[in-house]
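# Commentary on secondary and tertiary structure
For reference, the chains in residue letters:
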Amino acid sequence: MATKKDQFNRGKKRRPDTLYRHFTKQIQARRHTAQEMGEADPQRSLLRTEIKNLEARRNTRPAGNPFDVGFRRLQYCRYADDFLIGVIGSKAEAEEVMAQVKEFISHELHLPIAEEKSLIATGKEGVTFLGYDVRVYTGRKIMRIKRRGVPYTFPMKTVSDKMQLHIPHGRLQEFCTTKGYGDWTTCSGRHRPAFNNLSEPEIVSAYNAELRGLAHYYALAYAAKSYLHRLHRVWQVSLFKTLAAKRKRSVSQVARSLKTETGYTLVIHLENGETRRLDLYNPTHLQHPSVDLDPVVNIGWAWNTTELTRRLTASRCEYCTDAGVPCEVHHVRKLATIKKGKEDWQKLMIARRRKTLVLCQPCHRRLHAGILPPRTRHQT
């Protein structure tokens, strides 16, 4: 692509637009005439009106000629097997570049091409690339800028043909539905029964990780915080309802117990008497993309390792419920491997959504021998 880019690019600057230059010359001539007039001259106000009208007409035109055949540019961006090519030129030239790329991929690299994802679109239409909508934006707002040594101001567009990244339409609603947060249309959260067997730190950490991962991925998008506000609302209500089901309390009671001056925080009391605070994630915490988008959050004391240690040191078998006995931990590689399991120990791990199960030594040996008996009624 570097060779193709050098061959395709030409010209240093676009030629100015003909009508834009015509309006500019008329404005300059009227300004020069107005400066020679006195303040009391009635023609001065008429000239100012004409200048405003000409400026309004000039602002409808681009400063550079978008069809300048002497100016061509090609930009290339690739991530893994996905790539995006930007062309400043005609549609015929874009089709030619696309044909050359397809030929190179097919004959040189011997790789298949996804025709449904290969297309040519204008900058305003945009395309989807790596989960983002990439398109060109031109603002309507006009600012008047004053230059040094000039007695009058110049109108200038704030944004002109600037590339922007946007969150695709429907992406947040799809995420909300997939995770089971609730109804996106009515903005109402829903309790997630799959989290009933997790501890409160695990529930909050899981919710935080889901929303934080999505928010950090789309941190580069335009107005990301505004678009994430609705999803955060449904996410928050779903979390409150899940904790309310865990505590057997009302949603309002859970919200009041988590409310602090800086937001919502879960206070955890450890066995050694210390307390830890786990803040509920909020999109307003989303940092500028110039900083690290994936900071390492210290939640090790609330996640699997410490949780597993606490379960193991409790000296209680999670299968036969015998207490005060030496215990071991049974691991499975993936929960998917026991998803269709019919044994009680498999059902127990699936219900808890855990790949570990703390067992006493006799139960652990029976499990590996395939003779672990079913759980009795009082054990379930």
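Residues numbered from 1 in each chain as written. Predicted model: local features only at pLDDT ≥ 70, side-chain atom pairs only at ≥ 80, totals over all residues. Heavy atoms only, no water.

### Observations concerning the overall build of the protein chain
On a plain count of helices and strands, the protein chain comes out with 11 helices and 14 strands. By the compact-globule yardstick of 21 Å for 380 residues, the protein chain is too spread out, its C-alpha radius of gyration being 32 Å. Taken over the C-alpha atoms alone, the protein chain extends approximately 100 × 65 × 35 Å along its principal axes. In the protein chain, once contacts between residues fewer than 6 apart in sequence are set aside, the share between residues at least 24 apart is 62%. Of the accessible surface of the protein chain, which amounts to about 25000 Å², a share of 52% is contributed by carbon and sulfur atoms. Distance from the positive charge centre (67 side chains) to the negative charge centre (37 side chains) of the protein chain: 4 Å. (Helix = DSSP H or I, 4+ residues; strand = E, 2+ residues; numbered from the N terminus. Rg over C-alpha atoms; globule rule 2.2 N^0.38 Å. Contact = heavy atoms within 4.5 Å. Areas by Shrake-Rupley, 256 points an atom, 1.4 Å probe, with all protein chains shown as cover. Lys, Arg positive; Asp, Glu negative; His and termini not counted. Charge placed at Lys NZ, Arg CZ, Asp CG, Glu CD.)

### Considerations on the sheet that holds strand β11 (residues 263-269)
Pairing is antiparallel across the open sheet formed by three strands, whose spatial order is β10-β11-β12. Across the chains shown, the open sheet's two edge strands, defined by having one partner strand only, are β10 (259-260) and β12 (275-279). Note that β10 and β11 share two bridges and pair antiparallel. Note that in β11 the partner of Thr260 across the bridge is Gly263. (Pairing = 2+ DSSP bridges.)

### Some details on helix α7 (residues 224-247)
Compared with an ideal rise of 1.5 Å per residue, which puts 24 residues at 34 Å, α7 spans 34 Å between its outermost C-alpha atoms and is within 8% of the ideal. Of all the bends in α7, the greatest, near 35°, is centred on Arg230. Where α7 terminates, the next one or two residues include Lys248, which has phi positive at roughly 60°. (Expected span 1.5 Å × (residues − 1). Bend = angle between axes of the 7 residues up to and from the residue.)

### Quick notes on the nonpolar core
One finds Tyr181, Leu231, Trp235 and Leu239 to be the most contacted residues of the largest nonpolar core, which totals 39 residues. Elements with a contribution of two residues or more to this core: β4 (132-137), α5 (171-179), α6 (200-217), α7, α8 (251-258) and β11. Among the elements that make up this core, the one with the highest residue count is α7 (nine residues). If we skip the residues at most four places from it in the chain, Leu231 touches Leu172, Phe175, Cys176, Tyr181, Trp184, Leu211 and Leu214. (Core = buried A, V, L, I, M, F, W, Y, C linked by side-chain atoms within 4.5 Å. Buried < 20%, exposed > 50% of the residue type's maximum accessible area, 1.4 Å probe, protein only.)

As far as function goes, none of this settles anything; it's purely spatial.
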